[in-house]
Amino acid sequence: MNPTRVILIGGGLAGLMATIRVAELGHKVDLFSVVPVRRSHSVCAQGGINAAKNLKGEGDSTWKHFDDTVYGGDFLQNQPQVKGMCEAAPGIVDLLDRMGVTFNRTAEGLLDFRRFGGTLYHRTAFAGATTGQQLLYALDEQVRRFESEGKVRKLESWMFVSAVLDEGGVCRGVCAVNLRSGEVRAFPADAVIVATGGIGAIFRQSTNSVACTGSAQSALLQQGVHYANAEMIQVHPTAIPGEDKCRLISESVRGEGGRVWVPKTPGDKRDPRTIPEAERFYFLEEWYPKYGNLVPRDVATRAIHKVVHEQGLGVDGKPMVYLDVTHLPRQMLDVKLGGVLEIYEKFVGLDPRDHPMKVFPAQHYTMGGLWVDNERQATNVPGIFAAGECEYQYHGANRLGANSLLSCLYGGMVAGPAAVNYAQNLETSAEAVSSEVFERERKRQEEIYDKLRSQEGSENPITIWKEMGETMTRHVTVTRYNKDLVAADAKLAELQERYQHINLADTARWGNQSLHFTRELGNMLVLARLITQSAALRNESRGAHYKPEFPERDDENWLRTTRASYENGEFKFQLDPVDTSLIPPRKRSYKS
Amino acid sequence: MAEGKTIIVKIKRQAGPKEPVRWEEFEIPWRPNMNVIACLIEIAQNPVTRDGRKTTPVSYEANCLEEVCGACAMVINGRSRQACSALVDHLEQPIRLEPMSKFPIVRDLAVDRSVMFENAKRLRCWVPIDGTYAIGPGPRISPERQQVAYALSRCIFCGNCLEVCPKVNESSDFVGAALLNQVRLFNMHPTGAMHAHERLQAVRGVGGVQDCDNAQNCVKACPKSIPLTESNNDVNRQALLDAIFGWMFR
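About the criteria used
- Residues numbered from 1 in each chain as written.
- Chains lettered and ligands numbered in written order.
- Predicted model: local features only at pLDDT ≥ 70, side-chain atom pairs only at ≥ 80, totals over all residues.
- Helix = DSSP H or I, 4+ residues; strand = E, 2+ residues; numbered from the N terminus.
- Buried ≥ 20, exposed ≤ 12 C-beta atoms within 10 Å, placed from the backbone.
- Contact = placed C-beta atoms within 7 Å.
- Rg over C-alpha atoms; globule rule 2.2 N^0.38 Å.
- Nonpolar A, V, L, I, M, F, W, Y, C, P; charged D, E, K, R; others polar.
- Expected span 1.5 Å × (residues − 1).
- Pairing = 2+ DSSP bridges.
- Axes fitted to C-alpha atoms, helices over the stretch in contact; angles between N-to-C directions.
- Parallel < 35°, antiparallel > 145°, perpendicular 65-115°, else oblique.
- Left-handed = near helix turned anticlockwise from the far one by under 90°.
- Core = buried A, V, L, I, M, F, W, Y, C linked by C-beta atoms within 7 Å.
- Domains from an automatic or database assignment.
- Arc of directions from axis to C-beta.

Q: Quick question: what am I supposed to make of the overall build of chain B here?
A: Regarding its fold elements, chain B presents eight helices and seven strands. Projected onto the principal axes, the alpha-carbon positions of chain B cover approximately 75 × 40 × 30 Å. Counting every position in chain B, which comprises 250 residues, the buried fraction comes to 51%. In chain B, the share of contacts with a sequence separation of at least 24, taken over all contacts with a separation of at least 6, comes to 64%.

Laid out in structure tokens, this is it:
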């Protein structure tokens, strides 16, 4: 065996799983992360991970999991790979269990499972209400073990800025910047796996972590990597609105019996606890009797928007609804939901065991992402692979809750060996590539930084960021109108122009966070425009993408992947057919 | 700014490890539900001190902003804690922000806590598995035991327990409560327990469990309410038993 070197960009669940798989096969890994990997955004996942282990005697099966996922995604996924993920899920949960994840248990000592949105089965394994944290820690620990054996080198506080492409357009490594010293350096590798997660910062007030900017995806897009279904943005129905971020209140709260309601009287000023049952409107239960509070997220979010914006029933006349667990036993709440209730308690100052929580939808996830082929997680650029939220292939037009941790892990499991296989079959390894190829890219990146540092003007990066976030949240989330999308794109173009006149208050090299943020902001603006233009293009309603002017799903014209490439500052779109060979598309409705 | 309510923030600043320390004071507009992070973003948008001098945005670490990633620990009004969950309306003003003092400074409020991860390596804080291939489920664990382990495994490596520990200082290598708690966690897992001796041997080494002098500051500083003193005592007991009787079981 010829040991190869694989670069991993991102140390969340997908990146760590890919790292483990590559190291396990005996190859070297350079693992890049903007934060110490244990602090990656995967820690924020709360509710759990889906796996049809059928331990509750309900007759669940991996096929039913597959069917729920495809139906939940409104049939926009290429199906074979989704089937593969659902079939692998029980084994993945076993693996996590062996790694020591502190999953909740039944009296018999087996894994416990709870219900989640978009399914009628108890299919979600969970560790309290901080499952993502527990999973990330288990993988972080396995990687640390490989690190101590010299098989993994961690490059924390290094930020990916670009891929190094040779004359033939083959990826030979990456350029990264050290967030402390400011040094820009090129790193050779035989294959690169991108696992850079979500893009929440583009919407500013999202449920995502600070590091989820989408900058890496955008940089790759600008270098020729295709991006698919950019318009498919998930807005989670239940988050605490916040100044610096919106804090997620997990779907598992409803999975364990939490109920969503508003007072029937508009602007009802009473303490919610004193409002009698008969005067409460449990709109999800009423409108969707079969799934009730556990309809998929796109459906729940639109229902909340309807009740608040069309029917004027928001709590205190504000855009908020109640998420109520006060009727549930405290001991159960502590054991199964402690972590998430604690967040509400700490950030709002009220105990949700006694007070109904006030929540509202917030940007949460991107179903769209870097385009990858079905079997290998490979992008269209040779040598670049992608896994996790940053790629597009598992969730179609809407992701089901507790499928994200699964798709991260499965994508990472596939991408690791696929990258190794690719690297081993290369005719020339990265080491044999002329150093000029690396130096040229390094210089190009250095120049971009120099320009940012020296540019004159009166614009501030945070101001531009806030305006971008406002525009995106307002026009490119739950309800989309074509004329608004056109206006939003024009606004983004204006922000791109103003970006050229940012005057950085800090021009130091050492620890200059605003410099690196500004670098990312430029990339965020490009990706924001792609999301907006993709949304304008798709004239139908499917999953999370809802256009009142085109209220129906249109399979004839739009059962297609919108696949974008970037050429000379413009996006080019192609519409790919979707592989629906396993489950024929049917009408999606959660009413009965 | 005259008409609206404002917030006064004093920040201890340092451009780099070898640069001089200075304090800067900012006055920023108040809005409902602000936390310390929101103040720092506000300053980045308008990096001007209270007396009108232009300055640079403040460097600090942050990621999840919901107290689960551990990144944004700093000393706020003299207390080491997470900045995201430090709500402005609950803080006395002027709000004083300082970097943690027990870790090397990077810049301003950002410090380098990699020593914690290095110690996790040294103490072998993982469950060694044979491989990622499908070899069936893990060991059965009772719900009671899971509850104990889960509480320990919520440690976010924020380092607040090290910051407040009198035994963590320049003349000591004490690994700190967070790491001893990790040893306890992995030693109680059925697979991890098979390798308890390796961890206990390491924990008896330099900077190990014997350095804890039971000041009990750690448990008060822990944002996740982890029973750290209990963990310290438990690991101490395990290390002692392993030293005396360990040979019988090998």
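Q: Please clarify how the overall build of chain A should be interpreted in this entry.
A: What chain A contains, in helices and strands, is 15 helices and 21 strands. Whereas a compact globule of 592 residues would reach a radius of gyration of roughly 25 Å, chain A reaches 23 Å, a difference of no more than 12%. Structurally, chain A occupies a C-alpha span of about 75 × 60 × 50 Å along its principal axes. Buried residues in chain A amount to 62% of all 592 residues. Sequence-distant contacts in chain A: of pairs separated by 6 or more residues, those separated by 24 or more amount to 74%.

Q: For this particular structure, what's the right way to read the interface of chain A and chain B?
A: Often, the extent of an interface is quoted as the loss of accessible area upon association of its parts. In this complex, chain A contributes 58 residues to the contact, which on the side of chain B involves 58 residues. Within the residue set of the side of chain A that touches chain B, elements represented by two or more residues are α1 (13-24), α3 (79-98), α4 (131-148), α9 (330-348), α12 (461-475) and α14 (513-537) of chain A. Per-element accounting of the side of chain A that touches chain B gives the leading share, nine residues, to α4(A). Here the side of chain A that touches chain B is composed, by residue class, of 20 nonpolar, 19 polar and 19 charged.

Q: What exactly am I supposed to notice about helix α8 (residues 228-245) of chain B here?
A: For an α-helix, the turn length of 3.6 residues means that residues three or four places apart are oriented alike. Residues and elements named next belong to chain B. Between its first and last C-alpha, α8 extends 25 Å over 18 residues, near the 26 Å set by a 1.5 Å rise per residue. Buried residues of α8: L228, T229, S231, N232, V235, Q238, A239 and D242, and no others. Elements in contact with the buried residues of α8: α3 (143-153), α4 (160-163), α5 (177-188), α6 (196-203) and α7 (217-221).

Q: Help me out: how do you make sense of the sheet that holds strand β18 (residues 369-370) of chain A in this one?
A: Strand pairs in the sheet, formed through backbone hydrogen bonds, run parallel or antiparallel to each other. Residues and elements named next belong to chain A. Taken in spatial order, the four strands line up as β18-β11-β20-β21 in an open sheet, and their pairing is antiparallel. In the strand order of this sheet, the two ends are held by β18 and β21 (570-577), each with one partner. Seen against the sheet, α14 touches β11 (227-228), β20 (560-567) and β21 and runs at an angle of roughly 140° to β20.

Q: Would you explain the environment of A:N178 in this entry?
A: Residues and elements named next belong to chain A. Turning to its location among the elements, N178 is positioned in strand β8 (residues 171-178). The class of N178 is partly exposed, set by 16 C-beta atoms lying within 10 Å. The spatial distance from the C-alpha of N178 to the C-alpha of V34 is 8.8 Å, given a sequence separation of 144 residues. Contact partners of N178, with chain neighbours within four places excluded, come to S157, W158 and E183.

Q: Teacher, can you tell me more about the packing of α3(B) against α5(B) here?
A: In helix packing, the relevant descriptors are the interaxial angle and the interaxial distance, both defined with respect to the helix axes. Residues and elements named next belong to chain B. One can describe the packing of α3 onto α5 by two numbers: an axis separation of 9 Å at closest approach and a directional angle of 150°. Taken as axis vectors, α3 and α5 run roughly antiparallel relative to one another. Handedness of the α3/α5 crossing: left-handed. Every residue of α5 that contacts α3 at A149, L152 and S153 is listed here: N181, R184, L185 and M188.

Q: Just to check I follow, could you spell out unusual backbone geometry for this structure?
A: Most peptide bonds take the trans configuration, and most residues that are not glycine carry a negative phi. Cis geometry is adopted by the peptide bond preceding B:P94, which originates at B:Q93 and carries an omega value of -5°. Structurally, B:P94 can be placed in the loop between β4 (79-82) and β5 (95-98). Even without being glycine, A:D74 reaches a positive phi, approximately 55°. Relative to the helices and strands, A:D74 is located in the loop between α2 (62-72) and α3. A positive phi angle is found at A:D316, which is not glycine, with a value near 55°. One can find A:D316 in the loop between α8 (297-310) and β16 (321-324). Residue class for A:D316 comes out exposed when judged on the 11 C-beta atoms lying within 10 Å of it.

Q: Whenever I open this one, the nonpolar core confuses me. Can you help?
A: One recurring pattern in soluble globular proteins: nonpolar side chains tend to sit buried together. Among the nonpolar cores identified, the biggest contains 271 residues, and A:V6, A:V174, A:V192, A:I193, A:V194 and A:F385 are the most heavily contacted of them. If we skip the residues at most four places from it in the chain, A:V6 touches A:V22, A:H27, A:V29, A:A189, A:D190, A:A191, A:I193, A:A419, A:V420 and A:A423.

Q: Would you mind showing me how to read the domain arrangement of chain A here?
A: Residues and elements named next belong to chain A. Looking at chain A, the domain boundaries give domain 1 (238-361) and domain 2 (437-554). Once you take the C-alpha centre of each, domain 1 and domain 2 turn out to be 32 Å apart. At the junction of the two partners, domain 1 supplies five residues and domain 2 supplies five residues. Per-element tally for the side of domain 1 that touches domain 2: the top contributor is α8, with four residues.

Q: Please clarify how the domain arrangement of chain B should be interpreted in this entry.
A: Residue and element names in this part refer to chain B. Looking at chain B, the domain boundaries give domain 1 (6-111) and domain 2 (114-249). Computed from C-alpha atoms alone, the centre-to-centre distance between domain 1 and domain 2 is 31 Å. It is β4 that provides the largest number of residues to the side of domain 1 that touches domain 2, a total of three residues. For the side of domain 1 that touches domain 2, the residue count by class is five nonpolar, five polar and three charged.

Q: How should α6(B) be read in this particular structure?
A: Residues and elements named next belong to chain B. If you check which residues of α6 are buried, you get A196, R199, L200, A202 and V203. Around the axis of α6, the buried residues are gathered within 160° of arc, so they sit on the same side. Lining the buried residues of α6 we find α2 (114-122), α5 and α8.

Q: What am I meant to see in the pairing of β5(B) here?
A: Regular strands have side chains that alternate between both faces of the sheet. Residue and element names in this part refer to chain B. The pairing of strand β1 (residues 6-14) with β5 spans three bridges and is classified as parallel. Opposite K10, over in β5, you have R96 as the bridge partner. Where strand β3 (residues 73-76) lies against β5, two bridges are found, and the strand directions are antiparallel. By the bridge assignment for β5, V75 is matched with E98.

Q: Would you mind showing me how to read the packing of α5(B) against α6(B) here?
A: Residue and element names in this part refer to chain B. Closest axis-to-axis distance for the α5/α6 pair is 10 Å, and the angle between their directions is 165°. Comparing their axes, α6 and α5 come out roughly antiparallel. For α5 against α6, the interelement crossing comes out left-handed. The segment α5 lies against α6, with L180, V183, F186 and N187 engaging A196, R199 and V203.

Q: Could you clarify how one ought to interpret the environment of B:C69 in this entry?
A: Secondary-structure assignment places B:C69 in the loop between α1 (36-45) and β3. Given 30 C-beta atoms within 10 Å, B:C69 falls into the buried group. Counting along the chain gives 24 residues from B:C69 to B:Q45, while the straight-line C-alpha distance between them is 25 Å. Ignoring any residue separated from it by four or fewer positions in sequence, one finds B:C69 in contact with A:R39, A:V43, A:S209, B:N63, B:C64 and B:I156.

Q: Can you help me understand the pairing of strand β7 (residues 158-165) of chain A in this one?
A: Residues and elements named next belong to chain A. Burial of β7 is extensive: eight of the eight residues sit out of reach of the surface. In terms of strand pairing, β7 meets β8 through seven bridges, oriented antiparallel. Residue pairing across strands places F160 opposite A176, the latter belonging to β8.

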